[in-house]
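# Examining the three-dimensional arrangement
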Amino acid sequence: MKRLFVATAFAASTFAAHSHEVDVSLIWYSFSPVERAVFNSQSFPAGKYEGIIDFEEFEAWCAEVTQTLKFNVDYKYDLVDATPSPMTSALQAIGAFDLGGNVTNATESAAVQLDIWRVLDGQQPLHNYAQNSSVKVHYLRNQWHQDLVYFTEVQEPTTLALFGATLIGMFFLRKKS
């Protein structure tokens, strides 16, 4: 139990203090049948969830194995964004792997879930992931139900600037015609 408390405190310190409340409902696992993974000598169902966050579809991963949740139930969560840390870097790499479309079945989903649990517990992931800072890590906290983590892609400022410049150029070309 002491190890779990230390791991939870370690994970909590990685995420910023500023948060806002969101509505979350998880529908089911992304892949069926659900695989199980052994973490800290116990077997748990493991894999990516599909759900709704503030009326938008999203995919999330379990962040706390000792908490529970029910599918198709609306919960209130505190959405907290990760702050820079070694744990955040490891989660960004896993997130890039996930967002890259590399998780395609229940077995791969369980393997990635296990690596997320290991990272949040202060351990090294079992698999090697390429470092990637273009992924944002979000943590969903709920005092009574399972905490979740999910990933989004960060738009690079130069990409946005190039896109904006292209739009402006197209506007002026159209105006001259």
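The structure contained in this document is the topic of the report that follows. Residue numbers here run from 1 along each chain, matching the order of that chain's written sequence. The predicted nature of this model means local features are confined to residues of pLDDT at least 70 and side-chain atom pairs, given and counted, to a pLDDT of 80 or more, with totals for whole chains, interfaces and linings taken over all residues. To get the side-chain values, take all heavy atoms of the structure and skip hydrogens and water.

Moving on, we get to the overall build of the protein chain. When helices and strands are tallied, the protein chain shows four helices and eight strands. Here's how the labels work: a residue is buried when its accessible area is under 20% of the maximum for its type, exposed when over 50%, partly exposed in between, all with a 1.4 Å probe on protein chains only. Taken across its 177 residues, the protein chain has 41% of its residues classed as buried. Accessibility throughout is a Shrake-Rupley quantity obtained with a 1.4 Å probe, and a residue counts as covered only by protein chains that appear here. Within the structure as shown, the protein chain displays about 10,600 Å² of accessible surface, and the carbon and sulfur contribution to it stands at 58%. Secondary structure is summarised from DSSP: a helix means a run of H or I of at least four residues, a strand means a run of E of at least two, and numbering begins at the N terminus for each.

With that out of the way, let us pick up the nonpolar core. For the purposes of this section, nonpolar cores are sets of buried Ala, Val, Leu, Ile, Met, Phe, Trp, Tyr and Cys residues that join through side-chain atoms within 4.5 Å. By size, the foremost hydrophobic cluster in this structure holds 24 residues, and its most contacted members are V24, F58, Y77, W117, L140 and L148. Counting only elements with at least two residues in this core, the list comes to β1 (15-29), β2 (35-39), β3 (42-46), β4 (49-53), β5 (56-62), β6 (75-82), α3 (106-120) and β8 (148-153). Among the elements that take part in this core, β1 stands out by supplying four residues, more than any other. Pairs of residues are marked as contacts when any of their non-hydrogen atoms sit within 4.5 Å. Residue contacts for F58: discarding those within four places in its chain leaves V24, L26, Y49, E50, G51, I52, I53, L140 and Y150. With 19 residues, the next largest nonpolar core counts A90, I116, L120 and F151 among its residues.

A few words now on the packing of aromatic side chains. Note on aromatic contacts: the rings of Phe and Tyr and the six-membered ring of Trp form a pair at centre separations within 6.5 Å, being stacked when their planes are under 30 degrees apart, edge-to-face when over 60 apart, and tilted otherwise. Enumeration over the complete set of coordinates arrives at 10 aromatic pairs. Between W28 and Y29, the aromatic rings sit 5.5 Å apart at their centres with planes inclined by 85 degrees, giving edge-to-face as the arrangement. Accessibility expressed as a relative area gives 41% for W28, which makes it partly exposed. For Y29, a relative accessible area of 12% puts it in the buried group. When the ring of Y75 is compared with that of Y77, the centres are 6.4 Å apart and the planes differ by 80 degrees; the resulting orientation is edge-to-face. For Y75, a relative accessible area of 11% puts it in the buried group. Three or more aromatic residues joined by ring pairs make a cluster, and in this case those are W28, Y29, Y49 and F71.

Here we come to unusual backbone geometry. Working note: non-glycine residues mostly have negative phi, and peptide bonds are mostly trans. Of note, the amide linkage connecting S32 to P33 takes the cis form, showing an omega dihedral of -5 degrees. Among the structural elements, P33 can be located in the loop between β1 and β2. The backbone of D54 sits at a positive phi, close to 45 degrees, despite the residue not being glycine. As for its position among the elements, D54 is in the loop between β4 and β5. Residue D54 is classed as partly exposed on the basis of its relative accessible area, which comes to 35%.

With that settled, the discussion passes to helix α2 (residues 86-99). The end-to-end C-alpha distance of α2, which contains 14 residues, comes to 20 Å, matching closely the 20 Å that a straight helix rising 1.5 Å per residue would cover. The buried count for α2 comes to 10 of 14 residues, which makes it a mostly enclosed element. Of the positions making up α2, those classed as buried are M87, T88, A90, L91, Q92, A93, I94, G95, A96 and D98. Just downstream of α2, G101 is the residue with a positive phi angle, here 80 degrees. Multiply 1.5 Å by the residue count of a helix minus one, and that product is the helix's expected span.

Pairing between side chains of opposite charge can happen when their charged atoms approach one another. Between Lys or Arg on one side and Asp or Glu on the other, a salt bridge is scored when a side-chain nitrogen of the former is within 4 Å of a carboxyl oxygen of the latter. All told, the structure shown has four salt bridges when counted by the stated rule. One salt bridge connects K48 with E59, and the closest N-O pair in it is separated by 3.2 Å. In this pair, K48 is assigned in the loop between β3 and β4 and E59 in strand β5, connecting sequence segments 11 residues apart. The buried category is assigned to K48, whose relative accessible area is 4%. One salt bridge in this structure joins K48 and D98, with 2.7 Å as the shortest N-O distance. Of this pair, K48 sits in the loop between β3 and β4 while D98 is found in helix α2, placing the two residues 50 residues apart along the sequence. Each member of the pair, K48 as well as D98, carries the same accessibility label: buried. Overlapping salt bridges, with partners in common, bring together K48, E59 and D98 in one network.

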